[in-house]
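Now for the letters of each chain:
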Amino acid sequence: MNLQPFALHPSTFPNTIPSPTLLGHCTSTKHLHHILPLIIKNGSYNQHLCHTKLINLFFKYGTIKEASRVFESVEHKQDALYHTMLKGYAKNSTLCDSLRFYNRMQNDEVRFVVYDFAYLLQLCGKKLELGRGREIHGQVIVNGFEYNLFSMIGVMDFYVKCGEIDDARKVFERMSEKDLVAWTSLVAGYAQTGFPRRALDLFYQMQEAGEKADSVTLVSVLPAVADIKDLRIGKAIHGYGLRLGFESKVSFMNALLYMYFECGCERIARLVFEGMSSKCVVSWNTMIDGYAQIGKSEEAFASFLKMLDEGVEPTRVAVMAALHACADLCNPERGRFVHNLVIQMKLDFEISVMNSLISMYSKCKRVDVAASLFDNLKKKTNVTWNAMILGYAQNGRVNEALRLFCMMQSQDIKLDCFTLVAVITALADLSVNRKAKWIHGLAVRTFMDNDVFVATALVDMYAKCGAIQTARKLFDMMQERHVITWNAMIDGYGTHGLGKEALDLFNDMQSEAVLPNDTTFLSVISACSHSGFVEEGLRFFQSMKEDYGLKPAMDHYSAVVDLLGRSGKLDDAWNFIQEMPIKPGITVLGAMLGACKIHKNVKLGEKAADKLFELDPDEGGYHVLLANMYASASMWDKVAKVRTAMEKKGLQKTPGCSLVELRNEVHAFYSGSTNHPQSRRIYAFLETLGDKIRDAGYVPDTDSIHDVEEDVKEQLLNSHSERLAIAFGLLNTSHSTPIHVRKNLRVCGDCHEATKYMSLVTGREIIVRDLRRFHHFKNGICSCGDYW
């Protein structure tokens with residue numbers, strides 16, 4: 001029978017068709033209104049079954065007033081009709097409306113059934129209405145359902161949804177009989193509320209009580225295994241499920257996929273996935289998101305493409321995981337492909353998807369596109385604001401990040417811990433102590449300073465602002481520390497040239513049974529590099545592979561090359577590159593070229609440069625590094641060739657820029673610039689200071705400058721950005737105040753030497769943060785020990 005809307009007119013149906021049959025074919029409110037006249041005409045309207053079906057349909061289509069009108073039109077209402085109305089209110093209306101009708105049922109002396117309370121408890125659990133739910137629990141007991149298994153499971157589920165797992169356990173313990181559903185409900189409750197070990201203990205008790213688990217039970221307990229990352233238990237449950245024949249249960253197989261990814265066994269997860277006889281969209285989502293979360297971004301994106309090839313329509317979970325992978329790969333082209341898919345699927349109205357797009361474009365260095373998406377969003381959540389602030393911070397756009405933060409406050413948008421982490425990240429890049437203290441004060445005033453992520457960001461920020469002692473004080477005060485907290489402090493020590501302190505802290509980390517990750521080892525090896533601890537650094541590189549099973553990434557190989565190169569072991573560094581199990585990337589060869597420039601090894605430097613430029617880096621800094629190496633060796637014809645090659649490729653040298661803060665204002669100085677209001681005073685001061693440091697033993701390194709007179713060479717060196725910034729600081733601050741300078745490039749060798757003598761003749765402490773690390777100059781000595 002064709003019941004399309006155009007045919008739904010009373011005249012098209014004979015009176016002999018039963019009303020319940022007609023109602024059973026309804027698919028919309030419009031259909032229902034077409035059928036109603038026929039039902040009234042054939043006299044079926046006053047039948048109890050007809051009333052029940054009508055009320056159910058009106059509730060189903062969201063027309064609550066019409067459902068109520070049908071109910072009120074019935075003169076002699078049976079109890080079953082009240083139950084239908086209460087169910088409709090609980091599933092389609094507010095808790096207040098549902099309780100109001102429940103009170104009416106009491107007044108009308110309706111005899112309650114167990115399902116009435118189940119509907120209300122479900123609604124209370126959904127709305128997290130603990131107080132009202134407790135009242136309903138009381139009514140369950142008053143109405144004699146305390147020993148009804150179904151009702152008590154409903155009470156348990158309510159307490160679980162409200163996070164009151166202990167109350168759920170008390171209800172479970174009082175139950176005179178417990179079936180598999182009861183056991184499974186509580187196991188799931190413990191797993192969902194963050195008590196994985198209790199979930200497993202209860203799972204074992206269930207088996208001891210002789211209750212045989214089904215696939216739902218195993219699906220409920222596997223997330224608990226994933227939380228504690230116990231692969232042995234996970235494999236045992238996997239085997240148990242296979243023996244019971246659950247390999248055909250998609251939900252069980254999906255839970256296994258999630259568990260294996262969480263336990264770090266993506267290889268087994270892939271085997272499980274490939275062996276699945278049938279896959280649903282959740283299966284694909286779990287694989288894509290699993291790969292993305294563990295950093296296997298290529299595999300995540302490949303799985304996403306395969307999902308599309310097999311005609312499975314992705315959900316927002318898969319799309320967001322694919323965007324996560326694109327962000328990690330820093331691949332805006334793939335990101336745009338997913339963005340176009342988002343538009344085609346009309347997911348650009350999903351705020352969570354748009355937040356992922358903002359994050360992806362920000363991480364892919366297209367913060368302009370991220371900002372455009374942000375500005376065009378009509379609805380913004382806290383996550384949206386946080387993502388954009390963090391995006392600006394990640395791209396060095398500190399002022400924009402702070403502007404957005406101030407706008408957020410002016411619009412009375414509630415700050416959360418992630419907001420503060422984003423702003424702290426921006427200020428860490430700015431490296432200004434005054435701003436650091438300001439945001440720290442805000443964290444204290446908003447009671448967020450005890451959050452482990454905020455506290456970790458504060459530790460990292462103070463370390464990057466040169467206040468390493470303050471960073472350590474905060475670190476010691478923390479009640480809870482994650483591995484990222486330890487990493488931040490170890491990295492802070494390393495960048496300040498405090499290698500011994502970094503290694504001591506790594507030992508403390510191990511003694512507290514905190515498992516180091518790949519970032520920990522990168523920080524430790526870098527700390528060894530900055531302090532000249534070559535043997536220790538090599539030992540840590542071996543340890544991460546052999547003792548912890550961590551696979552070195554390109555950054556780890558770069559750190560080892562830097563470690564060997566800085567210490568002058570250039571042949572060892574080159575041999576290490578030749579023996580790498582993966583093709584050396586730009587950062588590895590760049591570290592080698594930098595070491596060759598420092599130690600003036602033109603032969604190996606040219607080899608590194610040849611391989612480096614085969615990779616076609618669009619960063620002009622590597623060409624400048626090669627040119628400087630040639631200049632140090634007075635090979636001026638080759639310097640000219642490099643500069644000509646740069647011109648042909650359109651590559652430019654990044655101008656040196658140094659920042660220094662004075663009275664809440666940041667002053668920027670560029671090499672050779674004269675546009676600062678105090679320029680004449682600064683250059684005059686540098687001439688006088690130059691005489692003093694030469695008298696103290698400073699000898700200018702003019703070998704890197706060609707075709708000008710010797711005095712002009714010294715003038716050019718004297719106009720480097722860090723010298724201008726240091727001079728400005730010395731002229732405008734008191735004698736007891738350290739000078740804090742931040743430089744966008746690595747400090748040059750001559751400036752490094754000159755600054756040592758400046759600290760000696762002025763008696764001032766000068767702290768310079770360059771692209772790689774901190775240099776603390778005091779009494780003619782630098783903290784780096786010349787491993788800069």
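Residues numbered from 1 in each chain as written. Predicted model: local features only at pLDDT ≥ 70, side-chain atom pairs only at ≥ 80, totals over all residues. Heavy atoms only, no water.

**Concerning the overall build of the chain**
In step 1: Scanning the chain from terminus to terminus reveals 42 helices and six strands.
In step 2: Against the 2.2 N^0.38 benchmark of 28 Å for 788 residues, the chain shows a C-alpha radius of gyration of 35 Å, more extended than a compact globule.
In step 3: Taken across its 788 residues, the chain has 49% of its residues classed as buried.
In step 4: In the chain, 62% of the contacts between residues at least 6 apart in sequence involve partners at least 24 apart.
In step 5: Counting 89 positive and 90 negative side-chain charges, the chain places the centres of these two groups 3 Å from one another. (Helix = DSSP H or I, 4+ residues; strand = E, 2+ residues; numbered from the N terminus. Rg over C-alpha atoms; globule rule 2.2 N^0.38 Å. Buried < 20%, exposed > 50% of the residue type's maximum accessible area, 1.4 Å probe, protein only. Contact = heavy atoms within 4.5 Å. Lys, Arg positive; Asp, Glu negative; His and termini not counted. Charge placed at Lys NZ, Arg CZ, Asp CG, Glu CD.)

**Quick look at the sheet that holds strand β6 (residues 781-782)**
In step 1: On the basis of which strands lie adjacent, the open sheet formed by six strands has the order β2-β1-β3-β4-β5-β6 and mixed pairing. The open sheet has two free edges, formed respectively by β2 (665-670) and β6, since each of these has just one partner strand.
In step 2: When strand β5 (residues 774-778) meets β6, the two strands line up antiparallel, connected through two bridges. Its bridge partner lying in β6, Phe777 is registered against Cys782. (Pairing = 2+ DSSP bridges.)

**Some points on unusual backbone geometry**
In step 1: In the Ramachandran plot, Leu128 falls in the positive-phi region, its phi being about 55° despite a non-glycine side chain.
In step 2: Under the relative-accessibility criterion, Leu128 is labelled exposed at 56%.
In step 3: Located in the positive-phi region is Lys346, a residue other than glycine, with phi close to 60°.
In step 4: For Lys346, the position within the fold is in the loop between α20 (332-344) and α21 (351-363).
In step 5: Assessed through its relative accessible area of 61%, Lys346 is described here as exposed.

**Some thoughts on the environment of Ala436**
In step 1: In this fold, Ala436 is placed in helix α26 (residues 433-445).
In step 2: Residue classification places Ala436 among the buried residues on the basis of a relative accessible area of 1%.
In step 3: As for Ala436 and Lys464, which are separated by 28 residues in sequence, their C-alpha atoms are 9.9 Å apart.
In step 4: Sequence-distant contacts of Ala436, that is, excluding residues within four places in its chain, are made with Met461, Tyr462 and Cys465.

**With respect to the layout of surface pockets**
In step 1: Here the second largest pocket defines a volume of roughly 440 Å³.
In step 2: Of all the secondary-structure elements, those providing two or more residues to the lining of the second largest pocket are α26, β1 (657-662), α41 (721-732), β3 (739-743) and β4 (766-769).
In step 3: Here the lining of the second largest pocket is composed, by residue class, of 13 nonpolar, seven polar and five charged. (1 Å grid on protein atoms, 1.4 Å probe; cavity = no way out; pocket = protein on both sides within 12 Å on 5 of 7 lines; lining within 4 Å. Points joined across faces, edges and corners; volume = space filled by probe spheres on them. Nonpolar A, V, L, I, M, F, W, Y, C, P; charged D, E, K, R; others polar.)

**A few points about the confidence of the model for the chain**
In step 1: A residue-level look at the chain finds 91% of positions with pLDDT of 70 or above and a mean pLDDT of 87.
In step 2: Note on residues 1-18: pLDDT under 50 across the span, and 25 contacts to partners over four residues away in sequence or across chains. (pLDDT = per-residue confidence, 0-100.)

**Thoughts on the state of the cysteines**
In step 1: Using the criterion set out here, one finds zero disulfides in the structure.
In step 2: The thiol of Cys406 is not disulfide-bonded; the next cysteine sulfur, from Cys465, is found 17 Å away. (Disulfide = S-S within 2.5 Å.)

**Some thoughts on helix α9 (residues 149-161)**
In step 1: Its 13 residues place the ends of α9 19 Å apart at the C-alpha level, agreeing with the 18 Å of an ideal helix rising 1.5 Å per residue.
In step 2: For α9, the buried fraction is high: ten of the 13 residues fall into the buried class.
In step 3: Regarding α9, the residues found buried are Leu149, Ser151, Met152, Ile153, Gly154, Val155, Met156, Phe158, Tyr159 and Val160.
In step 4: By the N-cap criterion, in which a side-chain oxygen at the helix start approaches the backbone nitrogen of a residue two or three places on, α9 is capped by Asn148, the distance to Phe150 being 3.0 Å. (Expected span 1.5 Å × (residues − 1). Polar contact = N/O pair within 3.5 Å; in protein donor to acceptor, adjacent residues only side chain to side chain.)

**Section: the pairing of β3**
In step 1: Only one face of β3 is buried, namely the one carrying Ile739, Val741 and Lys743, since none of His740 and Arg742 on the opposite face is buried.
In step 2: As judged from the two bridges shared by β1 and β3, these two strands associate in the antiparallel manner. Bridge pairing in β3 places Ser658 opposite Lys743.
In step 3: Judged from the four bridges that link them, β3 and β4 form a sheet pairing that is parallel. The residue of β4 that forms the bridge with Ile739 is Ile766.
In step 4: Since β3 and β4 lie parallel, the crossover through helix α42 (residues 749-762) that links them has a hand, and here it is right-handed. (Right-handed = clockwise from strand over helix to strand, strands pointing away.)

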